[in-house]
Structure formats: structure tokens, C-alpha cells
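Spelled out, the chains give:
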Amino acid sequence: MYQHLIRRAPSRGFRLTRSQTEIALQNALRYVPEELHELLAGEFLDELMTYGRIYAYRYRPQEQLSGRPIDEYQGKCLEGKAFQVMIDNNLSFDIALYPYELVTYGETGQVCQNWLQYRLIKKYLEEMTQEQTLVIQSGHPVGLFPSKPDAPRVIITNALMIGMFDNQRDWEVAEQMGVANYGQMTAGGWMYIGPQGIVHGTFNTLLTAGRLKLGIADDGDLRGKLFVSSGLGGMSGAQPKAVEIANGVGIIAEVDDSRIQTRQQQGWVQQVSADRGEVFRLAAEYMKKEQPLSIAYHGNIVDLLEYAVEHNIAIHLLSDQTSCHVAHDGGYCPQGVTFTERTELLARDRSAFAQLVDKSLRRHFELISILADRGTYFFDYGNAFMKAVYDAGVKEVSRNGIDDKEGFVFPSYVEDIMGPELFDYGYGPFRWVCLSGREEDLIKTDEAAMNSIDPERRGQDRDNYVWIRDARKNNLVVGTKARILYQDAEGRKNIALKFNEMVKKGEIGPVMLGRDHHDVSGTDSPFRETANIKDGSNVMADMATHCFAGNAARGMSLVALHNGGGVGIGKAINGGFGLVLDGSERVDAIIRSAMLWDVMGGVARRSWARNENSITTCVEFNKQYAGAGHITLPYIPREELIKTIVSQAFKKAEKLN
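Nothing here was measured: the structure is a model prediction, and the numbers come from that model.

J.: Please set out the packing of helix H1 (residues 18-29) against helix H2 (residues 37-51) residue by residue, giving values where relevant.
T.: Across the interface, H1 lies against H2 with an axial gap of 10 Å and an inter-helix angle of 125°. By the criterion of interaxial angle, the relationship of H1 to H2 is oblique. The handedness of the crossing between H1 and H2 comes out as right-handed. Here Thr21, Ala24, Leu25, Ala28 and Leu29 of H1 lie close against H2, whose contacting residues are His37, Leu40, Ala41, Phe44, Leu45 and Leu48. Classifying every residue of the contact of H1 with H2 gives nine nonpolar, two polar and no charged.

Shown next as C-alpha cells:
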């Protein structure tokens, strides 16, 4: 049943009470007829107690899953077949981190909870018409409901825990009971396109960090510069490819040899070594030649950084992209523990494992601090690394010295880089999938997108033009014929309209549009996506919720809203969409309305938080759409006035006390 060398999710322990276990078993058996209950009850219980989850392995399709051409799927409407393409792409061996456990990426991000749900979802998608909407709640297909053609075909929510239960412990109980699914972002939102989906964002982040922090020219790249990080899994596997495209040298640490092999086989990492001296020697050689190189270090990132500190090796850019949102669930492998030992310890003694993780995180932070004092620019890559360090007891990472609500001494990449330079203008991870599966369709869409960009408009447009121009040469596709391209609101709208016109004319087959939830408007997360929102609303989930609701009202084909995302349960609310382009005027109308809303709703939020670049973008929007739309702009009080008045008030209060 299981293919050799295909990664399997580790057991994360079993922690249900007797009564909760009984309910969990009842919950799984309600998917199958009563005559099968006696046969399956013991099997499902064994899975639950062995793996901490009921996956219903026997119901996994025996064939190799992959996102096949849309014409190979059954369905009564185009959207129903399109979503099947997307789901199977998420679960293919080339894409999924743990395909047998339906985990697409991020250590725990699942399409749905088990194979029974997968089969039922697939059946519904085959039967769905344009007069129906399929409702998915934490992986469970609630059913098909009467609807209309201009309503969403699928509405998805994942892990929306009630506030008092919105914590890791209660979440794990709910997941084991089979009532909660960790959709991550585009795992449970069915819009993952492999590591390519984050390569462009990583490319932009590294280039912008170099320009802002290393003095590189606005049109320059990272040649001669060294980037060090860790993680070669789903999203983190994008790091070596991105640094190569930026013409820099990258060393990425990874403890799991199978993940290194995957990236090397895909051509996403050039050199592999378990020798710290060798990886730094190689890096120095290629930096001197100003040639790009990506190196996978098979070992622990803490060991690698200790070597750099001991030998006084200069690192220009430093980050981490392990799954620290689930650091105690296997997302972070502690120093001194092999990957195999990590897996065994996870199943045997979670408490001991957590203690080792916290100890390693504290040492990791110490080394980062030393390197930063020597001139390294470190940024939190939105994987909850700094939050994990804070939770490990390093309270001095708190920026305000009191709690974690105002961020940490080392900024998030959104806070310092992506937020002000990309999100505030509306630039984000727009993406599309050529549902025909034809390479020629991808080439045509690449060319159409490139021709829609004016590289002289802004620096961001110049970078994006170069990105899409070279996309095919850089061999970015893993899985379906898909592409990512950072674009602003107008750019996304214009490219989408062009694609739909091409579908109408028969130049290409149908296309699925979407984006990462990690976007301008898609996610509320104080330690990542909203880290550069400083008016106190970074802890509010209004933006993502309204983005989801607005996209549903405007008729996007699929809308999704999740808890957790890339930073963990209780730390983010995120939403995404999918829009199937069929060449119709109906879809043109959705593009004109929904594409602008999806982006500008977030720019408006950032403008109201007094972000300078967002205010400029909203002023431009108000001029362009005068009479059709208007975004509320803030009045900006003088900072000196505020400081003076507050200072006087506090002095008066101190005297009274």
C-alpha cells in the first residue's frame, strides 16, 4: 500500500480521554454504512491510538494522485472539475510533504482530515452543478445546497475555534476527535502550487532586504552575498531556488535527508554536504566569483551557526523557515537530536521533546544575537520563530519589555521588508493554474502577463517583469502547470481579464486564478502579515474576515477562511479564493469587482493604520475610481503634538499619585 521512501507524518501522541475516544470513533464511522462499522471500528481505533489521528488509510485511492488535465475528470460543471485538479495536485507525491496523511506542507497543513472526506468531497464535486454550492467545514463536506451561478461553488472554513478554546491544547483534542482540520493556508484552501508559490515572495524578500540593509543598488542583486537559513520542506524548499535567482549564495540547513533529496532531484538545490567547513568553503568560493550557488547543509541550523560564530564567518542575511508554528509537534528539530530520534521522541515523550526544543531555541537565539552584533541582518521569516523563542522563555526578545503584542527585537520580514515595500502598495502573490495541463498554455499566459507589466512604472514592477520573463528558464513548475507573479490590484485585474479573453477566444484552456492567503488583505496575523500595522489593530481579524465575505458576495468560485495559517492556532485568521476563468462575461464582471476588492480592502486597512505608501495608493485609487468607489483616508496629527500632550498628562497623573 505504501511506496518506499515516501515521507510519512510522525505520530504526535494520543491524548484523548475514554469518552472523547468513543466520540472520535463515532465521528469517523458516521462516514460509512452501519454494516461496515464492526469491520472498521478496531482499525480506526488503532490508527487513532497509534498516529494520534484517524486517516482511514484503506480509503486512499490506490493510483498515484496528481493534478491531471481537467478533461480527465468527471463533473457537471467546469468548477467542480477544476477543484478536483487542485485537490489532487495538493496531494501528489511531488507536492505533498506527507501525502499518505493528506498533509500538503507546513508539517500539519491538510487538504482535509482523512480519506473518507476526500472521497466524499470528490463525489460532491463530480455531482455539483452551477446551481449548487458545496460547503466544507474543517474538511467535512456538509453537503450541496441550492445556489445560483454567480454565487461561490465552494465555501471552506478550517479550524475556526471559539475564543476560549482557541489554543494549541484544545485544538489538538478537537483535531484528534475529528472535528477540526488545520488547513494551513493553501493546503485546506486547495490552491497550493508547490514551492514555486513562495519562491517569488522569497526572491522579492531577499532582494529588498539586500537593497534596504546591505546597500545594494535599486536595480542590483545579491551577487557576492551570503544568505543562511533552515528548512527544505514544502514552502521552505523555495529558499535555495530564490537565492539562486537573486544571484546570491545560500546555505540552507535541513535535518531530514529525504527533503534534501527531493530538492536536489528537482534541481532546486545544487550542492549537498554534512560538513560545515565544506559548505562555508564552497560559499566563499562562489561569493568571490560572484556566481549563484545553493547549498543544502544536512544537519542542524544551530550547529551551523555555532561554526559560523566560532570561525568568525560573515553572514549577510540570516533567517529561519522551519515550522515553528508547531515547534513542539515536530516542526523544529532540536540541536543534538537526529531527525529519526526526533520522530521517535515525539511519539514516546512529548514533554521531554518540548524541553529539548526550548533549549535549542534559546541557543539558536543566542547565536543569532552574536551574529547580528557582528553585522548580520536577521529577519523572522513569518514562521513564528521569534514567538517560539519568546514562548521558550527568552522574554528579552519582547520589543516593549512587557509582552509580545508589539512584536520582537528582530523584526518580521513583513514588518521591515514586504509590508512597506510590497503589501502597502497592493503587491502580493497572484497565481494561476492552466487547467488543461498543457505547457503551451503556461507559455502563452506567461507572455500575456509579461506584456501587461510596465517595468518603468515602479521598482517592484521592474523586478516582477524580470521574474516572469525568466520564469520558464528557471524551471519553477512542480506539479500542475502553474505560475506565481507578484502584482498589485490593477495588475491582477488586467492580467485576469486578458486571460479570460484568451480562454474565450480558444487560445488557451480554462484557468484557475488564486493567490496565497499570505497577501495584502488575506491574513490578519500580528507577528507576520499585519506586523507593519502599528495602530493596535494588528490583533484584530476584521480584514481577513471581510475579504472572505466580500469575495463570496462578489461571486468568486471558491472562498476559504482558516485559523492558524503559517504561524499556528490562535495566531492568525487567513482567507483565500479561487476563480475559474471560462471566457464568459459573467467572469469578467467578477474580475472587475472582486479582484480590486480582494487587494484594495487590505490596502485600505493599511492606509487607515497611517502607512505612508498605502495612503498614496489609496489616494490614487480614489482618483481613478471617483464616483464608483472611495476609501476613507486618515488625518495625520503631528507627532510632536501627541508626544507633548501625552507627556504632560502622564506627568500630571504622577503628581496626583
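Still to come is the rest of the account.
J.: Before we move on, could you go through the sheet that holds strand E7 (residues 249-254) and cite the residues and values that matter?
T.: Within a sheet, adjacent strands bond to each other through the backbone by hydrogen bonds, running parallel or antiparallel. Spatially, E8-E9-E7-E6-E10-E11 is the arrangement adopted by the six strands of the open sheet, whose pairing is parallel. Two strands close off the open sheet at either side, each with one partner strand: strand E8 (271-273) and strand E11 (377-378). The sheet contact formed by strand E10 (residues 317-318) and E11 spans two bridges and is parallel. Counted as the bridge partner of Leu317 is Tyr377 from E11.

J.: Which residues make up the nonpolar core, and what values go with them?
T.: A general feature of soluble globular proteins is that nonpolar side chains tend to end up buried together. Core analysis: the biggest nonpolar cluster contains 136 residues, and Phe44, Val154, Trp190, Trp432, Phe499 and Leu513 have the highest contact counts within it. Examining the composition of this core, we find that ten residues originate from one element, helix H19 (residues 585-608), more than from any other. Formed by 47 residues, the second largest nonpolar core is a distinct cluster that contains Cys324, Phe353, Val357 and Phe408.

J.: Please set out the pattern of salt bridges residue by residue, giving values where relevant.
T.: For side chains of opposite charge, pairing can occur when their charged atoms come near one another. Applying the stated rule across the entire model yields 49 salt bridges. A salt bridge links Asp424 to Arg606; the shortest N-O distance between them is 4.0 Å. Placement of Asp424 in the loop between helix H14 (413-421) and strand E12 (428-434) and of Arg606 in helix H19 is noted, with a sequence separation of 182 residues between them. Judged by its relative accessible area of 0%, Arg606 falls in the buried class. Here the residues in one salt-bridge network are Arg12, Glu107, Asp256, Arg259 and Arg342, joined through shared partners.

J.: Tell me about the packing of aromatic side chains, and name the residues and values.
T.: If you walk through the whole model with that rule in mind, you get 25 aromatic pairs. For the ring pair Tyr381 and Tyr413, a centre distance of 4.6 Å and an interplane angle of 75° mean the geometry is edge-to-face. Of the two residues, Tyr381 is situated in the loop between E11 and helix H13 (385-391) and Tyr413 in helix H14; the sequence distance between them amounts to 32 residues. Residue classification places Tyr381 among the buried positions, given a relative accessible area of 3%. One aromatic cluster is present, formed by Tyr2, Tyr51, Tyr55, Tyr57, Phe93 and Tyr100 through successive ring pairs. Across from the ring centre of Tyr2, 4.1 Å away, lies the NZ or CZ of Arg8, which sits over that ring.

J.: Please provide a residue-by-residue account of the packing of helix H9 (residues 276-289) against helix H10 (residues 301-310), values included.
T.: Between H9 and H10, whose axes approach to 10 Å, the crossing angle comes to 65°. Judged by the inter-axis angle, H9 sits roughly perpendicular to H10. Handedness of the H9/H10 crossing: right-handed. Judged by residue contacts, Arg276, Gly277, Val279 and Phe280 of H9 engage Asp303, Leu304, Tyr307 and Ala308 from H10. Partitioned by chemical class, the residues of the contact of H9 with H10 number five nonpolar, one polar and two charged.

J.: Residues and numbers for the pairing of strand E17 (residues 573-581), please.
T.: Among the nine residues of E17, nine are classified as buried, and the element is accordingly described as predominantly covered. Burial along E17 is two-sided: Ile573, Gly575, Phe577, Leu579 and Leu581 facing one way and Asn574, Gly576, Gly578 and Val580 facing the other are all buried. As paired elements, strand E14 (residues 511-515) and E17 share four bridges and run antiparallel to each other. Residue Met512 lies in a different strand from E17, and its bridge partner there is Val580. Relative to E17, strand E15 (residues 523-524) is paired through two bridges, and the arrangement is antiparallel.

J.: Explain helix H16 (residues 459-469) to me, using residue names and the numbers behind them.
T.: Taken together, the buried positions of H16 are occupied by Gln460, Asp461, Asp463, Asn464, Trp467 and Ile468. In an axial view of H16, the angular spread of the buried residues amounts to 160°, which keeps them on one side of the axis. Elements in contact with the buried residues of H16: helix H6 (196-213), helix H7 (238-245), H14, E12, helix H15 (439-451) and strand E13 (482-487).

J.: Describe helix H21 (residues 639-656), with residues and values.
T.: With 18 residues, H21 extends 26 Å from end C-alpha to end C-alpha; this agrees with the ideal 26 Å at 1.5 Å per step. Sparse coverage of H21 is indicated by the burial of zero of its 18 residues.

J.: Give a description of a nonpolar patch on the surface that names residues and reports values.
T.: A cluster of nonpolar side chains, Leu641, Ile642, Ile645, Val646 and Phe650, forms an exposed patch at the surface whose accessible area comes to about 450 Å². Relative to the helices and strands, Ile642 is located in helix H21.

How each quantity is defined
- Residues numbered from 1 in each chain as written.
- Predicted model: local features only at pLDDT ≥ 70, side-chain atom pairs only at ≥ 80, totals over all residues.
- Heavy atoms only, no water.
- Axes fitted to C-alpha atoms, helices over the stretch in contact; angles between N-to-C directions.
- Helix = DSSP H or I, 4+ residues; strand = E, 2+ residues; numbered from the N terminus.
- Parallel < 35°, antiparallel > 145°, perpendicular 65-115°, else oblique.
- Left-handed = near helix turned anticlockwise from the far one by under 90°.
- Contact = heavy atoms within 4.5 Å.
- Nonpolar A, V, L, I, M, F, W, Y, C, P; charged D, E, K, R; others polar.
- Pairing = 2+ DSSP bridges.
- Core = buried A, V, L, I, M, F, W, Y, C linked by side-chain atoms within 4.5 Å.
- Buried < 20%, exposed > 50% of the residue type's maximum accessible area, 1.4 Å probe, protein only.
- Salt bridge = Lys/Arg side-chain N within 4 Å of Asp/Glu carboxyl O.
- Phe/Tyr/Trp six-rings, centres within 6.5 Å; stacked < 30°, edge-to-face > 60°.
- Lys NZ or Arg CZ within 6 Å of the ring centre and 35° of its normal.
- Arc of directions from axis to C-beta.
- Expected span 1.5 Å × (residues − 1).
- Patch = residues over 30% accessible without salt bridge, like charges linked within 9 Å, V, L, I, M, F, W, Y side chains within 5 Å.
- Areas by Shrake-Rupley, 256 points an atom, 1.4 Å probe, with all protein chains shown as cover.

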